[in-house]
Amino acid sequence: MVTNSHSKWGVRLGTLALWAAAGASVVFWGMRLSAPAAGMAAPVALAAPAAPDAQALARALGALPSVPGAAPATPVASLASRFSLIGVLSGRRSGGGAALIAVDGKPAKPFRLGAEVDQGLVLQALGPRQVQLGGSMDGPATLTLDMPLKN
């Protein structure tokens, strides 16, 4: 029996070519599937919540824009009657917050915790429906303002 050695080598080389193509395909698809997708962004860590915007709070609670040079409606002798608390935004997580306070009948303005509301009065503390004003942040409260009850 005569065997053709030329045909044996042809089969061997053909098999080697098929196995090489199969290996290259496995490597290609393995790399393609393990690589991150180009359209997906890496996760971003969330930043701490920003402090509330005092002007946005004022608009949300219905404050009118202040008119420069507007005089108070009527002079009032009592210190407590000069101020009217319109709204409170307490920043429980950040320890901050703001209050919307009208002074001397003028349109209400937002004041952050620690801000000077009037000469000699600083916004010391915020509650759900009240604020405390005093001479300094660390001093005793000299005035407590409560929000009016809704009818």
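What counts and what doesn't
- Residues numbered from 1 in each chain as written.
- Predicted model: local features only at pLDDT ≥ 70, side-chain atom pairs only at ≥ 80, totals over all residues.
- Heavy atoms only, no water.
- Pairing = 2+ DSSP bridges.
- Helix = DSSP H or I, 4+ residues; strand = E, 2+ residues; numbered from the N terminus.
- Axes fitted to C-alpha atoms, helices over the stretch in contact; angles between N-to-C directions.
- Salt bridge = Lys/Arg side-chain N within 4 Å of Asp/Glu carboxyl O.
- Buried < 20%, exposed > 50% of the residue type's maximum accessible area, 1.4 Å probe, protein only.

### Structural notes on the sheet that holds strand β3 (residues 109-112)
Inference 1: Spatially, 3 strands are ordered β1-β2-β3 in an open sheet, and the strand pairing comes out antiparallel. Each edge of the open sheet is held by one strand with a lone partner, namely β1 (83-90) and β3. Across the sheet, the axes of successive neighbouring strands diverge by a mean angle of 30°, strand direction being ignored.
Inference 2: For β1 and strand β2 (residues 97-103), the ladder comprises 7 bridges, and the chain directions are antiparallel. Bridge assignment links V88 to a residue of β2, and that residue is A99.

### What to know about the pattern of salt bridges
Inference 1: The full count for this structure, using the stated rule, is 2 salt bridges.
Inference 2: Note that D104 and R82 form a salt bridge whose closest N and O atoms lie 2.7 Å from each other. Within this pair, whereas D104 is found in the loop between β2 and β3, its partner R82 is found in the loop between α2 (54-60) and β1, the two being separated by 22 residues in sequence.
Inference 3: Judged by its relative accessible area of 18%, R82 falls in the buried class.
Inference 4: For R82, the salt bridge is made with D118, and the minimal N-O distance between the two is 2.7 Å. Note that R82 is positioned in the loop between α2 and β1 and D118 in strand β4 (residues 116-118), a separation of 36 residues in sequence.
Inference 5: What emerges from the salt-bridge pattern is a single network uniting R82, D104 and D118.

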